[in-house]
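# Results of the structural survey
One-letter residues, chain by chain:
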Amino acid sequence: MLANRRTAAAIGAVALAGALLSAGPAQADSSAPAPAASAKSAPKGDGAKAICKRLPKTEARIGAALTRLNGDATVAGSIARLEQRVTEAKNAGHTEIQSYLNDRLAFRKSLVPTLQKRQADLKSVSTWCSAQGSK
């Protein structure tokens, strides 16, 4: 019985060593080109169909972001609310918090013209999609 276990263990060790040796050279040769089937293909178009399909959701998302940014101090995420927080941090003497919030405020203010430009661009895209019959 003990001899059978030793034999089985020896056969397993030889099989494992053979598998490792046969896989070793294949892994070591990294200069071999990858098969063409696994390579990603280049885009076949500009994605106009997908852009037209997503247009209503994109317009809604940009509109909601602009509404939120331009909201009053009661709207979470608005510029006015963040300005109020900066003022409160200044009044409390929390200069580090004020500095941090000012940086966030500057970024948030820079978003408005960017989103307005995208909104204008989407209007012309919407016109194009309608002319193509894609909308």
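Now for a look at the structure at hand. Throughout, residues of each chain are indexed from 1 in the direction in which the sequence is written. Confidence filtering applies because this is a predicted model: local features only for residues at pLDDT of at least 70, side-chain atom pairs given and counted only at 80 or more, and all residues used for totals across whole chains, interfaces and linings. The side-chain figures draw on all heavy atoms in the structure; neither hydrogens nor water molecules are used.

On to helix H3 (residues 79-92). Only DSSP runs of H or I with at least four residues qualify as helices, and only runs of E with at least two residues qualify as strands; both kinds are numbered from the N terminus onward. A helix is expected to span 1.5 Å for every residue after the first. If you check H3, its first and last C-alpha atoms are 20 Å apart, about what 14 residues at 1.5 Å a residue would give, namely 20 Å. Ile79, Leu82, Val86 and Ala89 are the residues of H3 that are buried. One side of H3 carries all its buried residues, which in axial view fall inside an arc of 85 degrees. Two N or O atoms form a polar contact when they lie within 3.5 Å of each other; inside protein one atom must be a possible hydrogen donor and the other a possible acceptor, and for residues adjacent in sequence the pair counts only when both atoms belong to side chains. Near the N-terminus of H3, the side chain that reaches the backbone nitrogen of Arg81, with its oxygen 3.0 Å away, is that of Ser78. Taken from the residues just after H3, Gly93 is the one with a positive phi, measuring 80 degrees. Whether a residue is buried, partly exposed or exposed follows from its accessible area with a 1.4 Å probe, protein chains only, as a fraction of its type maximum: under 20%, in between, or over 50%, in that order. What the arc measures is the spread of directions leading from the helix axis to the C-beta atoms.

Throughout, disulfides are identified as pairs of cysteine sulfur atoms within 2.5 Å of each other. Inspection of every chain in the model, using the stated rule, returns 1 disulfide. The disulfide partner of Cys52 is Cys129, and the S-S distance across this bridge is 1.9 Å. Between Cys52 and Cys129, the S-S dihedral sits near -80 degrees, and the bridge is therefore left-handed. Here Cys52 is found in helix H2 (residues 48-69), whereas its partner Cys129 is found in helix H4 (residues 95-132), with 77 residues between them in sequence. An identical accessibility class is assigned to Cys52 and Cys129; each is buried.

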